Amino acid sequence: MSSPANAWQSFLTSQGAQFNALGEATFPATAANAQLFDLSSHGLIAISGADSQTFLQGQVTNDIKLLAQGAQFNGYCTPKGRLLALFFSFTIDDVIYLQCPRDLIPDLVKRLRMYVLRSKVLVEDASERRVSLGLASDTLAATIEALPVTPYQQAQTLHGTLIRLADAGAQQRALLVVAGEQAPTSWQSLSATFTPSSTSQWEALEIQAGIPQVYAATKEQFVPQMVNLDALNGINFKKGCYTGQEIVARTHYLGKVKRRTLLAQLTGGQAPHAGDVLHDAQQQEAGQLVRVAPTANNGWWVLAECRLEAKEAGAINWQGQTLDFKELPYVLP
């Protein structure tokens, strides 16, 4: 018997999708305004039980109590303050869900369970229980009446939980989390209005919105501020202790952050990857790529973590190609 994940991929294949090695869906290229994306390459960790909020409060960078006010970003750090994962966090039916790249989840679940001890907490891989879909359109608010006005606010719909996300340029965006068994029906219903589109196009929108990510290739490479988690309201400096808190707080209080993640483009050619090293004008190490996705003209959108002094001193390059830096959609602290 096929697993729910395979059943979902089989359904999408019947709808014209192909899947790459990362589990990302690829559909025929489209310039449609209203787009529908499969986001099942990002899975979900479910944290439930009477002590779930208290448990997570001691593990991640944000104030879990504020989830009652809407979804939030969270960093999950080593004791040395280095990121093991970036979570997009939200609650559904009193269960806290942590969204991140699916291939990281087995190790993260194992690690989180180590700290449960006697707490009344259940940590589970819920990637096959719920399916995440992305919606994007420059008229999304007019298309979906239930769409919240403010980013990261939630609403319940006939399909599932709808979370408004930050815009990417003119594109209004939302995350829709649906029950696994309902996902095919929701997909077919939404396809009447939204054109199924490749996951890589969603990744490009995420990058344009300045949203970082941590992958297997970049685990333990970044302190949260290096990927702008503070600018995304993903760190609460008043909540108290959590793993890595001392380093994160010290970075915040003892001066300006010297490394930041910036938005840029690369021209066409060989594909860059997250974790690739960047160099300055003197060919000294200047940072690394955080997130990568193709542009519409055979180039690449990238989020690049850089030494700010190196960027100010001259061009930053990847394998000899100069990064064309763009304006981030938010202000860095």
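Look up a bit, the structure's there.
Residues numbered from 1 in each chain as written. Predicted model: local features only at pLDDT ≥ 70, side-chain atom pairs only at ≥ 80, totals over all residues. Heavy atoms only, no water.

Remarks on empty space enclosed by the protein
- Throughout the structure, instances matching the rule amount to two cavities of 30 Å³ or more.
- For the largest cavity, the calculated volume is near 280 Å³.
- Phe-88, Gln-99, Glu-206, Ile-211 and Arg-291 are, among the 21 residues lining the largest cavity, the residues nearest its centre.
- Taken together, the elements giving at least two residues each to the lining of the largest cavity come down to strand E6 (83-92), strand E12 (171-179) and helix H6 (199-208). (1 Å grid on protein atoms, 1.4 Å probe; cavity = no way out; pocket = protein on both sides within 12 Å on 5 of 7 lines; lining within 4 Å. Points joined across faces, edges and corners; volume = space filled by probe spheres on them. Helix = DSSP H or I, 4+ residues; strand = E, 2+ residues; numbered from the N terminus.)

With respect to the state of the cysteines
- A full pass over the atoms with the stated rule returns zero disulfides.
- Take Cys-241: it sits in no disulfide, and the sulfur closest to it among the cysteines is that of Cys-77, at 13 Å. (Disulfide = S-S within 2.5 Å.)

Focus on the pattern of salt bridges
- For the structure on display, the rule yields 14 salt bridges.
- The partner of Arg-129 in a salt bridge is Glu-124, and the shortest N-O contact between them spans 3.1 Å.
- Of the residues examined, Arg-129 reaches a relative accessible area of 35% and is grouped as partly exposed.
- Since its relative accessible area comes to 24%, Glu-124 is described here as partly exposed.
- The partner of Arg-250 in a salt bridge is Glu-246, and the shortest N-O contact between them spans 3.1 Å. Of this pair, Arg-250 and Glu-246 both sit in helix H7 (residues 245-253), four residues apart, roughly one helical turn. (Salt bridge = Lys/Arg side-chain N within 4 Å of Asp/Glu carboxyl O. Buried < 20%, exposed > 50% of the residue type's maximum accessible area, 1.4 Å probe, protein only.)

Some details on unusual backbone geometry
- Residues other than glycine seldom take positive phi values, yet Leu-117 does so here, at roughly 50 degrees.
- Within the element layout of this structure, Leu-117 appears in the loop between helix H3 (105-114) and strand E8 (122-125).
- Although it is not a glycine, Asn-233 adopts a positive phi angle of roughly 55 degrees.
- As for its placement among the helices and strands, Asn-233 is situated in the loop between H6 and H7.

Digging into the layout of surface pockets
- Computed from the structure, the largest pocket encloses a volume of approximately 1100 Å³.
- Every residue lining the largest pocket is counted, 42 residues in all, and those nearest its centre are Glu-24, Ser-200, Glu-203, Ala-293 and Pro-294.
- Of all the elements in the fold, those that place two or more residues in the lining of the largest pocket are strand E2 (25-26), H6, strand E16 (285-294) and strand E17 (300-307).
- Within the lining of the largest pocket, the residues separate by chemical class into 21 nonpolar, 16 polar and five charged. (Nonpolar A, V, L, I, M, F, W, Y, C, P; charged D, E, K, R; others polar.)

Details of the packing of aromatic side chains
- Scanning the model with the defined rule gives 11 aromatic pairs in all.
- Both rings, one in Phe-73 and one in Phe-88, keep their centres 5.2 Å apart while their planes meet at 55 degrees; by these two values the pair is tilted. Here Phe-88 lies in strand E6 and Phe-73 lies in strand E5 (residues 72-77), a separation of 15 residues in the sequence.
- With relative accessibility at 7%, the residue Phe-88 sits in the buried group.
- Residues Phe-88 and Phe-90 carry aromatic rings whose centres are separated by 6.1 Å and whose planes lie at 55 degrees to one another, so their mutual orientation is tilted. For the pair Phe-88 and Phe-90, one class covers both residues: buried.
- Of the aromatic side chains, those joined through ring pairs into one cluster are Phe-73, Phe-88, Phe-90, Tyr-97 and Tyr-152. (Phe/Tyr/Trp six-rings, centres within 6.5 Å; stacked < 30°, edge-to-face > 60°.)

Side note on the environment of Asp-280
- Structurally, Asp-280 can be placed in the loop between strand E15 (277-279) and E16.
- Given the relative accessible area of 7%, Asp-280 is considered buried.
- Beyond its immediate chain neighbours, meaning those up to four positions away, Asp-280 contacts Ala-286, Arg-307, Ala-310, Ala-315, Ile-316 and Asn-317.
- Within the structure, the side chain of Asp-280 is placed 2.8 Å from the backbone nitrogen of Gln-284, a separation counted as a polar contact. (Contact = heavy atoms within 4.5 Å. Polar contact = N/O pair within 3.5 Å; in protein donor to acceptor, adjacent residues only side chain to side chain.)

Quick notes on the pairing of E17
- Most of E17 sits out of view: eight of its eight residues are buried.
- The side-chain alternation of E17 yields two buried faces, one formed by Trp-300, Val-302, Ala-304 and Cys-306 and the other by Trp-301, Leu-303, Glu-305 and Arg-307.
- In the sheet, E16 pairs with E17 via seven bridges, with the strands oriented antiparallel. Paired with Leu-289 across the strands is Ala-304, a residue of E17.
- Taking the residues between adjacent antiparallel strands as the criterion, E16 and E17 are bridged by five residues, where Asn-298 takes a positive phi near 70 degrees. (Pairing = 2+ DSSP bridges.)

As for the side chain of Glu-305
- Looking at where Glu-305 falls in the secondary structure, it is placed in strand E17.
- Among the polar contacts made by the side chain of Glu-305, one reaches the side chain of Arg-259 at a distance of 2.4 Å.

Structural notes on the sheet that holds strand E7 (residues 95-101)
- Strands sit in the order E5-E6-E7-E4-E8 across an open sheet of five strands; the sheet is antiparallel. On the outer flanks of this sheet lie E5 and E8, each paired with one strand and no other. On average, each strand axis in the sheet is tilted by 30 degrees relative to the strand beside it, whichever way the strands run.
- As paired strands, strand E4 (residues 42-48) and E7 are joined by six bridges and run antiparallel to one another. Bridged to Ile-45 within E7 is Leu-98. (Axes fitted to C-alpha atoms, helices over the stretch in contact; angles between N-to-C directions.)

Read these as spatial facts, not as claims about activity.
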